[in-house]
Amino acid sequence: LPNIHYQILVNSSINEGMASFLISMDTTEALMEIIQLSDSSVDPPVDEIGYGELLITEIMFDPSALTDTYGEWFEIYNNSGQPVNLQNLILSRDTVNIHTIADSIVLLPGAYFVFERNDTATDAANSYTYGSDISLSNTGAVLSIFNKGTEADPGTLIFSVDYGGDNFPSLAGASISLNPTKLNASDAVSGSSWCLSTSVYNTGDLGTPGAINDLCQ
């Protein structure tokens, strides 16, 4: 039988030149512990994401090569030490424009991801289109990410930045980007940690969608 250990005892004796064997069997049950393993990159934890574990790191709110409808986008960064599934997280601009992420998107630690108003905004492979639910004001707005909830009552705040605040840069045709040396929640909300992008991406505007940001000078 499976999972059974058999112990066989052999007692032999010789009587008038004849050998005889006595075999007795004593069975004991062998206990087995089964541990189920999973690949965390495929099946990441579903626990609530803590504040600052995702950061907003780049925002294109005023494109020049395309109109706002086709060219707006923003980028996030996984600042945690584990894969994060973005499905059902809530994106918000000023609590007026709200979108719930429909797709299952696993973002690995240290990776970037782009959210686009239209799929023409960038050629980043690591991207998701939120459509007309969110428009990015050229004069500044509070852009936020929340844990799962409802659009009327989102879950806890993961990260929020007011890109119209003090010292935040602004220039048509260039995204604003968080200095890659400032990838933490306390620095990321300060305008002095942001600068204008200098690299050209596929539309001809300036930015680094889905990739490490330009260093701020």
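The sections below set out a description of the structure shown in this document. No experiment lies behind these values; they were computed from the predicted model shown.

A look at the nonpolar core
Ranked by internal contacts, the top residues of the largest apolar core, which has 37 residues, are L54, I59, I76, L86 and F115. The set of elements that each furnish at least two residues to this core consists of strand 3 (54-60), strand 4 (73-78), strand 9 (112-116), strand 11 (142-146), strand 12 (157-162), strand 13 (176-178) and helix 2 (185-188). The greatest single-element share of this core, amounting to four residues, is contributed by strand 3. In contact with L86, other than residues within four places in its own chain, are L54, I76, I101, I105, L107, F113 and F115. By size, the runner-up hydrophobic cluster in this structure holds six residues, among which are W73, V114, A121 and A124.

A word on the state of the cysteines
Taken as a whole and assessed by the stated rule, the structure comprises one disulfide. One disulfide in the model links C195 with C216; its S-S distance is 2.1 Å. With the S-S bond torsion at -85°, the cross-link from C195 to C216 turns out left-handed. With C195 in strand 14 (residues 194-196) and C216 in the segment after strand 14, this residue pair connects regions lying 21 residues apart in the sequence. Here C195 and C216 have matching classes, each one buried.

A closer look at the pattern of salt bridges
Close approach of charged atoms allows side chains of opposite charge to pair. Enumeration according to the criterion identifies two salt bridges in this entry. The salt bridge involving R117 is made with E72; its shortest N-O contact spans 3.1 Å. In this pair, R117 is assigned in the loop between strand 9 and strand 10 (127-129) and E72 in the loop between helix 1 (68-71) and strand 4, connecting sequence segments 45 residues apart. One exposure class covers both R117 and E72, and it is buried.

A word on the packing of aromatic side chains
This structure, assessed with the given rule, holds nine aromatic pairs. Three or more aromatic residues joined by ring pairs form one cluster here, namely F74, F113, F115, Y128 and Y130.

Here's the deal with the sheet that holds strand 9
The strand order across the open sheet built from six strands is 10-9-4-3-13-14, with neighbouring strands paired in mixed fashion. Among the strands making up the open sheet, the edge pair consists of strand 10 and strand 14. Recorded for the sheet is a direction-independent mean angle of 25° between the axes of neighbouring strands. As paired strands, strand 3 and strand 4 are joined by six bridges and run antiparallel to one another. The residue of strand 4 that forms the bridge with I59 is F74.

A word on the side chain of S160
By secondary structure assignment, the location of S160 is in strand 12. Side chain to side chain, S160 and S144 meet in a polar contact 2.8 Å long. Apart from residues no more than four positions distant in its own chain, S160 is found in contact with V142, L143, S144 and V189.

A word on unusual backbone geometry
Even without glycine at this site, N88 takes up a positive phi of about 75°. Here N88 lies in the loop between strand 5 (84-85) and strand 6 (90-93). The phi angle at D94 is positive, at roughly 60°, despite the residue not being glycine. On the secondary structure map, D94 appears in the loop between strand 6 and strand 7 (97-100).

Some details on the pairing of strand 3
Within a regular strand, the side chains alternate between the two sheet faces. Along strand 3, seven of the seven residues are buried, which leaves the element largely enclosed by surrounding structure. Judged from the two bridges that link them, strand 3 and strand 13 form a sheet pairing that is antiparallel. When the bridges of strand 13 are listed, E58 appears paired with S177.

Each value, and the rule that gives it
- Residues numbered from 1 in each chain as written.
- Predicted model: local features only at pLDDT ≥ 70, side-chain atom pairs only at ≥ 80, totals over all residues.
- Heavy atoms only, no water.
- Core = buried A, V, L, I, M, F, W, Y, C linked by side-chain atoms within 4.5 Å.
- Buried < 20%, exposed > 50% of the residue type's maximum accessible area, 1.4 Å probe, protein only.
- Helix = DSSP H or I, 4+ residues; strand = E, 2+ residues; numbered from the N terminus.
- Contact = heavy atoms within 4.5 Å.
- Disulfide = S-S within 2.5 Å.
- Salt bridge = Lys/Arg side-chain N within 4 Å of Asp/Glu carboxyl O.
- Phe/Tyr/Trp six-rings, centres within 6.5 Å; stacked < 30°, edge-to-face > 60°.
- Pairing = 2+ DSSP bridges.
- Axes fitted to C-alpha atoms, helices over the stretch in contact; angles between N-to-C directions.
- Polar contact = N/O pair within 3.5 Å; in protein donor to acceptor, adjacent residues only side chain to side chain.

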